[in-house]
Amino acid sequence: MDLASLLDRIAFDVEADDARGKVADYIPALARVDPDRFGMAVAELDGTVYGVGDWRQPFSIQSMSKVFTLALVLAQAEGADLWDRVGREPSGDPFNSLVQLEHEDGIPRNPFINAGALVVTDELARYGDAAEELLTFLRKESGTPTLAFDAEVATSEAEHADRNRALAYFMAAYGNMRHPVPEVLDQYVRQCAISMSCADLARSSLFLARHGIRNDGSRLLGQSEAKRVNAVMLTCGTYDAAGQFAYRVGLPAKSGVGGGILAIVPGRCTVCVWSPGLDKRGNSVAGATALDLFTTLTGWSIF
Ligand code: GLU
């Protein structure tokens, strides 16, 4: 498969389709991004990366960070404790919804909705500042030592975080927070505010395509845990559109409101696409189109 030509073809087709969606504006700093940006990168198991368009342009990873914090928690000896505090079912509700939490006694449906991700951050905080742990890991895996938090995005989100604050305090009321809410929220907001390019994200997630093996050959996750992270991505990674996304693309994936979508082809490669315009559910419109084309043209869905 000539991946460079394939990516050119996908970029051409995406360009020809002018559907772009709407840039997220509930975090004001994200609203300033140009909706016409488009980049896509594929990383092969040996670390070779192919890209097209804005594939080297850093953007706000937002909820894509949740894949990595989940993996870092599961990599710990007590990692499985997490599953006492968060479920593994699709929510069918918006990512920042409060209603389900009350019905389910403060246990979030899955680790990728905001309530679940706050619990994951709280678990990771047992071992140090969760956002710093994540940044150290991502710098190493991406091979980009200059990766950093975007302070403007972090401040902007912190000033508009009442919903996430409400989710965290609500869970604290059910005894499902280990650390004080302001600490967890601060670490969560910074983890979401890391800036990375498609190339960085594709390289950093290769351990999920290699059944748990990092870029330096060491093991981060057992084979079963890597399978589990991929399974949760497939069923819960693209907000309350995960069913539609699996139907259309057929790969484990995680999206973020910065417009990125990361997808894993186990045993073969990782793919990251970025275009900031979102659909109503919060997934990048051009990103989903590009991944749909990718699996259609290659036949590399998991099904
Ligand atoms: N930091 C964002 C929030 O908590 C992440 C949302 C997302 O990308 O899904 O609202």
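Up top you'll find the structure we're talking about.
### Overview of the sheet that holds strand 8 (residues 269–274)
Next up, step 1: Judged by pairing direction, the sheet is antiparallel, and its five strands sit side by side in the order 2-1-8-7-6 without closing on themselves. Two strands in the sheet have a free side with no partner beyond their single neighbour: strand 2 (49–53) and strand 6 (253–255). Direction aside, the axes of adjacent strands within the sheet are offset by 10° on average.
Next up, step 2: Both strand 6 and strand 7 (residues 260–265) contribute to a ladder of three bridges, which runs antiparallel. Each bridged residue has a counterpart across the sheet, and for S255 the counterpart in strand 7 is I261.
Next up, step 3: Strands strand 1 (39–44) and strand 2 of the sheet are contacted by helix 1 (residues 3–16), whose axis makes an angle of about 25° with strand 2.
Next up, step 4: Across the sheet, helix 13 (residues 285–298) touches strand 1, strand 7 and strand 8, and the angle it forms with strand 8 is around 150°.

### Notes on the site of the ligand
Next up, step 1: Residues in contact with the ligand, as listed here, are Y26, Q62, S63, F95, N114, E157, N164, Y188, C192, Y239, G256 and V257.
Next up, step 2: Contact distances for the ligand include 2.6 Å between an oxygen atom and a side-chain N or O atom of Y188.
Next up, step 3: With respect to the ligand, the backbone of V257 contributes an N or O atom lying 2.8 Å from an oxygen atom.
Next up, step 4: Burial of the ligand by the protein chains amounts to 99% of its free accessible area of 300 Å².
Next up, step 5: Broken down by class, the residue content of the shell around the ligand amounts to six nonpolar, five polar and one charged.

### Here we look at the sheet that holds strand 3 (residues 59–60)
Next up, step 1: Pairing is antiparallel in the open sheet, where three strands are placed in the order 3-5-4. Two strands close off the open sheet at either side, each with one partner strand: strand 3 and strand 4 (148–149).

### A few points about the nonpolar core
Next up, step 1: Core analysis: the biggest nonpolar cluster contains 73 residues, and F68, L118, L138, L201 and L221 have the highest contact counts within it.
Next up, step 2: With seven residues, the single largest contributor to this core is helix 2 (residues 65–74).
Next up, step 3: With 27 residues, the next largest nonpolar core counts V14, V42, I261 and C269 among its residues.

### Observations regarding the pattern of salt bridges
Next up, step 1: In total, this model carries 18 salt bridges according to the counting rule given.
Next up, step 2: The shortest N-O distance in the salt bridge between K22 and D25 comes to 3.2 Å.
Next up, step 3: On the basis of relative accessibility, which here comes to 47%, the residue D25 falls in the partly exposed class.
Next up, step 4: A salt bridge links E123 to R178; its shortest N-O distance comes to 2.9 Å. Here E123 is found in helix 4 (residues 114–124), whereas its partner R178 is found in the loop between helix 7 (162–173) and helix 8 (181–192), with 55 residues between them in sequence.
Next up, step 5: Residue classification places E123 among the buried residues on the basis of a relative accessible area of 1%.
Next up, step 6: In this structure R178 comes out as partly exposed when scored by relative accessible area, which is 44%.
Next up, step 7: It is possible to trace a salt-bridge network through shared partners that takes in D81, R85, D122, E123, R126 and R178.

### A short note on the environment of G175
Next up, step 1: In this structure, G175 sits in the loop between helix 7 and helix 8.
Next up, step 2: Once the C-alpha coordinates of G175 and F137 are considered, the two residues, 38 residues apart in sequence, prove to be 29 Å apart.

### Remarks on the pairing of strand 8
Next up, step 1: Of all six residues in strand 8, six are buried; the element is thus mostly enclosed.
Next up, step 2: As defined by bridge partners, strand 1 adjoins strand 8 across six bridges and the pair is classed as antiparallel. What sits directly across from E44, in strand 8, is C269.
Next up, step 3: Inspection of the sheet shows strand 7 paired to strand 8 by six bridges, in the antiparallel sense. Note that in strand 8 the partner of I264 across the bridge is T270.
Next up, step 4: Once strand 7 ends, the chain turns through three residues before running back antiparallel as strand 8, passing G267 with a positive phi of about 80°.

About the cut-offs
Residues numbered from 1 in each chain as written. Predicted model: local features only at pLDDT ≥ 70, side-chain atom pairs only at ≥ 80, totals over all residues. Heavy atoms only, no water. Pairing = 2+ DSSP bridges. Helix = DSSP H or I, 4+ residues; strand = E, 2+ residues; numbered from the N terminus. Axes fitted to C-alpha atoms, helices over the stretch in contact; angles between N-to-C directions. Contact = heavy atoms within 4.5 Å. Near = heavy atom within 4 Å. Polar contact = N/O pair within 3.5 Å; in protein donor to acceptor, adjacent residues only side chain to side chain. Areas by Shrake-Rupley, 256 points an atom, 1.4 Å probe, with all protein chains shown as cover. Nonpolar A, V, L, I, M, F, W, Y, C, P; charged D, E, K, R; others polar. Core = buried A, V, L, I, M, F, W, Y, C linked by side-chain atoms within 4.5 Å. Buried < 20%, exposed > 50% of the residue type's maximum accessible area, 1.4 Å probe, protein only. Salt bridge = Lys/Arg side-chain N within 4 Å of Asp/Glu carboxyl O.

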